Structure formats: structure tokens, C-alpha cells
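Residue-level listing of the chains:
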Amino acid sequence: MYRTNSCNSLRKSDIGRQVTLAGWVNVTRDHGGVTFIDLRDREGLTQVVFRPEENAELAKEAHSLRYEDVIQVSGRVAARPPGTENPNLATGDIEIIPSELHILNRADVLPFPIDAEPQNEDLRMTYRYFDLRRPRLAHNLRMRHRIAKATRDYLDSQGFVEVETPILSKSTPEGARDFLVPSRIAPGRFYALPQAPQQYKQLLMVAGVEKYFQIAKCFRDEDLRADRQPEFTQIDIEASFVTPDDIFAITEGMLAAIFKAAPNADIKTPFDRLTYREAVTRYGSDKPDRRFEMELVDLGEIFRDSSFKVFRGALDAGGVVKAINAKGFAGITIGQADELTEIAKLHGAKGLAFIKIENGEWKSPIVKFFSDAEKKALQSTLNIEEGDCVFFGADKWAIACEVLGRLRLRIAEIQNLVGSGKGQSGSDWDFLWVTDFPLFEWSPEENKWNAMHHPFTRPKAEDMALLVDATPSSRGLEAAERGEAPRLRLSDIRAEAYDVVLNGVEIGGGSIRIHEPELQAKMFETLGISPEARESQFGHLLRALRLGAPPHGGIAFGLDRLVMLICGEQSIREVMAFPKNNRSMDLMTSSPAEVDPKQLRDLGIKLAKDQKL
Ligand code: ASP
């Protein structure tokens, strides 16, 4: 037996007992020949004291111990001498007086001190197994386990069945590039790693499973931005004979169970709901952070007949004039104003107009263009007071909303409106449904319409006729040639699609699906997928829909992001055991790596010259 107890289990009541502990040397201190060791295992710390007067030989051996050596200690539990108790440690009343020491393994020179927060992330990733010994990361891994377990337990209690779907699968259009795996048996052919089990879970509904879930690995070959990983984990759910309300209820129950199990928070259900249109109109974002106000206010009525050309022009062109009032932000510095102007320009604005209210005066070059009536109306609509700073957006609806939405978030950050964000109680977590997303979105780069969620998403019943009527010519090809998003009815079609937003972060999304083969074919056609491509890419799905497919729908959650928020971390890398770095590399195993030429020959693959290292 390696041990009788964990390093976090001995208390005053154990004094006098003979015990054996095993673990890592967390800290070793030498106080005039007496060696103090903090012995660590995953549960905590216990102090072991080697006194020469008690056992000279052992004390000598203990002297050779270094940080992170692995040892086994047997001895007697003793009270710490009065005055040396440590109230911050669960085992702080006792210490071990050892009679035996076994050095199980020695540790080399450490890559970085385990008790500091290393700044060099590449170093952390190279020695990830060592990095993971740090209590913060160990805690994150255990939180992740608890969240996954609560998910499984809850969904099981609701009759959901966990079904594994293939990793060697076929390309699915979830909007990213696929990872491909060459086939040796069928040279020249490739599997794709699943971007999500979307089609499989729909096929499981056709199979009569009715309630499916999976904690599923997903793979997307994207250029990595801050919070992305090439492989990540989803809580993936699908059910038959359901309406959006059924999916909402399952989701809310599951999240309530997760938050009870992990941070022990009672979250408020049911969640509020906003349509996509309302969310963007009021917060300038389809994932609004509602923990602070600063809502976007429409000023169209006030400036409809204005002589201020910039505002009037935007309205005459069918656009909007909107503003946010940043309370107490009149002290904005030149640097901050420049930064906010850059943000506005980056998101499509031509510039940024704002008014500071200081010493009872409205300070801005645009104020002179406003009539007294306009000023008065502005003051009351925006509740303008001394110390405020008002930012304007005058543009097309989408641009004005996006720009003000981005400014709103940045200003909240500068003003520190949400504090550290490490929530513990239920009210720290603001959940929200965003519903009625557009079915399609125009891609200026590709010059075509794409599915905003994915091509299996159902139009809302009220908007169904718009899709059925859509013909290729109504996709506005002439407008497309001019490089503009055609103004036509396709963009008005709303989807039966929904996202769950938590504190301004999208944590999940899903939809009710198309279950009728004709409608699915129509959708593919509208997306410009040729009949041949339809057959080769989606033949299996279309055939399945013709064999008695039940109405169905589902949702998927980013497990990594959810765990990240619950753990109060800033990056999903902190809640994954072995993440890739921001260049998609696994520095620990040096992957991706070159392979043996024989392996390539077996696969019938020849590298182009410039790809050889
Ligand atoms: N498969 C979708 C996704 O990964 C989620 C869903 O529609 O259920 O975003």
C-alpha cells in the first residue's frame, strides 16, 4: 500500500495515529538542520518535519530532497508546536513526525517554479504535464469533470441517450475548413474530421433514437484567434417531436444542474428571450452583455427633418441615427477618443461623433448644427446629465448598431462596469436566449448567400413562403455583380434558430431542422449548391429524409467556453488538458510533425517540393 491517507485529510483528531502519505515535495525549508517539507498530492498539503534529534539518518536523507521529488513518508501525526499552527491550511494544526522515508523518484531541474504564474505560455505548453500540477489548473480539470458529469446525469434523467458518432467522417458544412485524413485503402480519398456531429445526430433522429446527446469532439481548421482551438468539445443535443420551447426547457434544466453542481449557484430560469433584431437594435450585438445598461437609443424621430446633413443623410438613405450615453465618461482622454474612433472605423463607420457634457456645456463640433428643439429632445431621450459622454452612429442599421455595440463594450471595459466577472452566486450569471436569427447571410467575399447557422436550419413557419418563392434570379445577381448585398426578401427570412448567451458570450446555439426532403433540396438550391454537389455531399441525408424523418431540432454548447466562464478564466486553453498553442501546435509532443516517407508512400501521398522541410 502506497498510502493510508491523502495529503488533505489529517486533522487534530488524528493526532497519535501512524500514517503513510505519498506525493510531491511542494516546498522544502531548512531551519537550522530541521527540514520542513510540504508534501502535496492532488487533494492538498501536509507538513512533514525531519528533526535530527529524532532521527539523524532520516533528517540527513531529507536534506537531499528537492522540489517535486516524489516521496513516501510513514510516521506519526503530531500536534504542531503551539504558535506554529497555520489557519490557512486545512491540515494546519498537525504535522507528521516521520519514521520512514522512501524516495520514489527524483525530479530534474524544474522548467519553471510551480508556485508562480509563468508568463511564457510556450514553456507552459512544452511542459504541460508539469504545468497541470499547479492547483489552479488541477482545479479547472476537476471542475470540467464535474460539469461533464452533471450534464450526463441531467440528460440521462430526462431520457437522453449518449451515442458516439464517427471521428473519421465526411465533410460537413459548418462554415470552417475541414481537417482531412487520407485513406490508405482507397487512395486519393479522404475522411474529414467532424466539425460537429450535425448530420449524424439528425440521422439518429431518423433512426428513431428520439433523444440523443454526446459530449463530442469537434474539429475545425481555422486560423486561430484568441479563443479558438482546432479541436474542442461540444455538448451536443438533438430531439424529435420538439418545438423551440422544448429545447429551451431542456437547456435551462441542464444549465441549472451544471451551475448547481459546479459553482453551486442557483441560476434564474426561465431565461429572458430577445429576438436577434431586438438584441442588435438595443445592444448592437447578437450576444448582448446585459450586466450594464448603456443601451442603443434610436434618434430617427428627432433628426428626421434635421438640417444636420450627416444625420439627415443617413436617415434619407434608409439608415438610422442612434446613440449611447456613457454615464460619467465626459473625462474621456484624447487617447481613449482616438481608440474608440479606430474601433468605429474598423467596423464600418466613417468617423465618430461624440458630445462631452462638462460644466453644463455640450462640447462637440457637431452641437452647433443642432436646433434647440433637437437638443431638448436629445437631452430627454438620452437622459443627458452633467459628466456624460454621448456617442453617435449614423449609418445603415447593421453598421450603426455594430459600431455602437462595439463602443459600448469597450467603454464598459474602460469604466470597469462589470468588475472581475468571477461570478459565484446565481445573480452573477446573466443568461439570455437570442431567437429568430436570419436564415441567410450575405458574404461579400464569396459574393453569395450562406446559411447563417447551417443549411439544415428551418425557416420560421411565417417566413416559409419567402423561401419557397425564392428563385435564383431573386437572389439579386445584378446587385451581386455590383458587389452589394442585394436588397431582397431572402435577407428577411427568419430561421427557427436560437443561441444561448451568458454574460455577453455565446455559449450555445441550435435550431429546429428541416425534415422535409423537398424543403431541404430547396434550401440547397437557394444556397447555390448544384444538383450534383447535393447528391455527392448530402445524398445520404436527402435519402434519409425520404424514409420517414420525424420533425426534430437540437442545440450544441461549447463545453470549453462554459467551463472557462465557470472557472473565471480568460482563455479556453486554461480548461483543456492538452491544448494547442496559438499557432495550432502541440509543443509538448511537437505535433504536427513530419512522418516517415514510407507512411506517405502507403497513403499514395507525395509532398510538393516547397512543402518539404
Ligand atoms: N451543429 C451546430 C453547431 O455546431 C449546433 C446545432 O445546430 O445543434 O453549431
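Novice: What am I meant to see in the overall build of the protein here?
Specialist: A count of helices and strands for the protein gives 18 helices and 22 strands. For the protein, the C-alpha atoms occupy an extent of roughly 95 × 75 × 55 Å along the three principal directions. When each of the 613 residues of the protein is scored for burial, the buried share is 49%. Taking as baseline every contact in the protein between residues at least 6 positions apart, the subset at least 24 positions apart corresponds to 69%. As displayed, the protein offers around 30500 Å² of accessible surface, 52% of which is attributable to carbon and sulfur atoms.

Novice: Sorry, what's going on with the side chain of Lys460 here?
Specialist: Inspection of the secondary structure assignment puts Lys460 in the loop between strand S19 (448-451) and helix H13 (464-469). Judged by its relative accessible area of 10%, Lys460 is buried. If sequence neighbours within four positions are ignored, Lys460 has contacts with Asp436, Arg494, Ala495 and Glu496.

Novice: Please explain the site of the ligand as it appears in this structure.
Specialist: In the vicinity of the ligand there are 13 residues, among which Gln198, Lys201, His453, His454 and Arg513 approach most closely. Gln234 places a polar side-chain atom, nitrogen or oxygen, 2.9 Å from an oxygen atom of the ligand. At a separation of 2.9 Å, an oxygen atom of the ligand approaches a polar side-chain atom of His454. Within the residue set of the shell around the ligand, elements represented by two or more residues are helix H5 (198-206), strand S21 (505-512) and strand S22 (552-558).

Novice: Just to check I follow, could you spell out the pairing of S21 for this structure?
Specialist: Note on strand geometry: in a regular strand, side chains alternate between the two faces of the sheet. Taken across its eight residues, S21 has six buried, putting it largely inside the fold. Pairing between strand S20 (residues 497-502) and S21: six bridges, direction antiparallel. Considered in S21, the bridge of Ala497 is made with Ser511. Remark: two residues form the turn of the hairpin made by S20 and S21, two consecutive strands paired antiparallel; Asn503 in that turn has positive phi of roughly 45 degrees. Taken together, the five bridges between S21 and S22 define a ladder with antiparallel strand orientation. The residue of S22 that forms the bridge with Gly508 is Phe557.

Novice: Quick question: what am I supposed to make of the packing of helix H15 (residues 517-526) against helix H16 (residues 531-545) here?
Specialist: The angle between the axes and the distance between the axes are what describe a pair of packed helices. The interhelical angle for the contact between H15 and H16, taken along N-to-C directions, is 160 degrees, at an axis separation of 9 Å. Between H15 and H16, the angle is such that the two are roughly antiparallel. When you trace H15 past H16, the crossing you get is right-handed. In this structure, H15 contributes Pro517, Gln520, Ala521, Phe524 and Glu525 to the contact, and H16 contributes Arg534, Phe538, Leu541, Leu542 and Leu545.

Novice: Would you explain the sheet that holds strand S10 (residues 231-240) in this entry?
Specialist: Adjacent strands of a sheet pair through backbone hydrogen bonds, lying either parallel or antiparallel. On the basis of which strands lie adjacent, the open sheet formed by eight strands has the order S6-S9-S10-S22-S21-S20-S17-S11 and mixed pairing. Sheet topology places strand S6 (161-162) and strand S11 (272-275) at the edges, where each strand pairs with a single neighbour. Here seven bridges tie S10 to S22, and the two strands are oriented antiparallel to one another. Counterpart to Ile235 in the pairing with S22 is Phe557. Across the face of the sheet, helix H6 (residues 244-261) comes into contact with S10, S11, strand S17 (431-435), S20, S21 and S22 while running at roughly 30 degrees to S22.

Novice: Would you explain the pairing of strand S13 (residues 320-326) in this entry?
Specialist: With respect to burial, S13 is a largely interior element, seven of its seven residues being buried. Neither face of S13 is exposed, since Val320, Lys322, Ile324 and Ala326 on one face and Val321, Ala323 and Asn325 on the opposite face are all buried. Strand direction decides the pairing type here: strand S12 (residues 297-298) and S13, joined by two bridges, are antiparallel. Residue pairing in the sheet places Val297 in a bridge with Ala323 of S13. The pairing of S13 with strand S16 (residues 389-395) spans seven bridges and is antiparallel. The partner of Val320 across the bridge, within S16, is Asp395.

Novice: Help me understand the packing of aromatic side chains, please; the structure alone is not making it clear to me.
Specialist: Evaluated as defined, the whole model comprises 25 aromatic pairs. Residues Phe271 and Phe431 carry aromatic rings whose centres are separated by 4.6 Å and whose planes lie at 10 degrees to one another, so their mutual orientation is stacked. Of the two residues, Phe271 is situated in the loop between H6 and S11 and Phe431 in strand S17; the sequence distance between them amounts to 160 residues. With respect to class, Phe271 is no different from Phe431; both count as buried. An aromatic cluster is defined as three or more aromatic residues linked by ring pairs; in this entry it consists of Phe248, Phe259, Phe271, Trp429, Phe431, Trp433 and Tyr498. Over the aromatic face of Trp397 sits the side chain of Arg277, whose NZ or CZ is 3.8 Å from the ring centroid.

Novice: How do you make sense of the environment of Leu603 when you look at a structure like this?
Specialist: Among the structural elements, Leu603 can be located in helix H18 (residues 597-603). For Leu603, a relative accessible area of 22% puts it in the partly exposed group. Separated by 417 residues in the primary sequence, Leu603 and Ala186 have C-alpha atoms spaced 8.7 Å apart. Among all residues touching Leu603, those that are not within four sequence positions of it are Pro182, Ser183 and Arg184.

Novice: Please clarify how the packing of helix H4 (residues 135-157) against H6 should be interpreted in this entry.
Specialist: Running from N to C, H4 and H6 point in directions that differ by 140 degrees, and their axes come no closer than 9 Å. The angle between H4 and H6 places the two elements in the oblique class. For the crossing formed where H4 meets H6, the hand is right-handed. The segment H4 lies against H6, with Arg146, Ile147, Ala150, Thr151, Tyr154 and Leu155 engaging Ala249, Ile250, Gly253, Met254, Ala257, Ile258 and Ala261.

Novice: Help me understand the sheet that holds S13 in this model?
Specialist: Ordered in space as S12-S13-S16-S14-S15, the five strands form an open sheet in which the pairing is antiparallel. A strand with exactly one partner marks an edge of an open sheet, and here the two such strands are S12 and strand S15 (361-363). Sheet contacts for helix H9 (residues 309-316): S13 and S16; angle to S16, the most-contacted strand, approximately 45 degrees.

Novice: Looking at this model, I keep getting lost on H9. Mind explaining?
Specialist: In an α-helix, one turn spans 3.6 residues, which is why side chains three or four residues apart end up on the same side. Turning to H9, its buried residues are Phe311, Ala314 and Leu315. Looking straight down H9, one finds its buried side chains confined to an arc of 95 degrees; they lie on one side. Those residues of H9 that are exposed and aimed more than 90 degrees away from the buried face are Lys309 and Asp316. In the core, the buried residues of H9 are packed alongside helix H8 (300-303), S13 and S16. Looking one or two residues beyond H9, the residue adopting positive phi is Gly318, at roughly 90 degrees.

Conventions we followed
- Residues numbered from 1 in each chain as written.
- Predicted model: local features only at pLDDT ≥ 70, side-chain atom pairs only at ≥ 80, totals over all residues.
- Heavy atoms only, no water.
- Helix = DSSP H or I, 4+ residues; strand = E, 2+ residues; numbered from the N terminus.
- Buried < 20%, exposed > 50% of the residue type's maximum accessible area, 1.4 Å probe, protein only.
- Contact = heavy atoms within 4.5 Å.
- Areas by Shrake-Rupley, 256 points an atom, 1.4 Å probe, with all protein chains shown as cover.
- Near = heavy atom within 4 Å.
- Polar contact = N/O pair within 3.5 Å; in protein donor to acceptor, adjacent residues only side chain to side chain.
- Pairing = 2+ DSSP bridges.
- Axes fitted to C-alpha atoms, helices over the stretch in contact; angles between N-to-C directions.
- Parallel < 35°, antiparallel > 145°, perpendicular 65-115°, else oblique.
- Left-handed = near helix turned anticlockwise from the far one by under 90°.
- Phe/Tyr/Trp six-rings, centres within 6.5 Å; stacked < 30°, edge-to-face > 60°.
- Lys NZ or Arg CZ within 6 Å of the ring centre and 35° of its normal.
- Arc of directions from axis to C-beta.

Geometric values such as these leave the question of function open.
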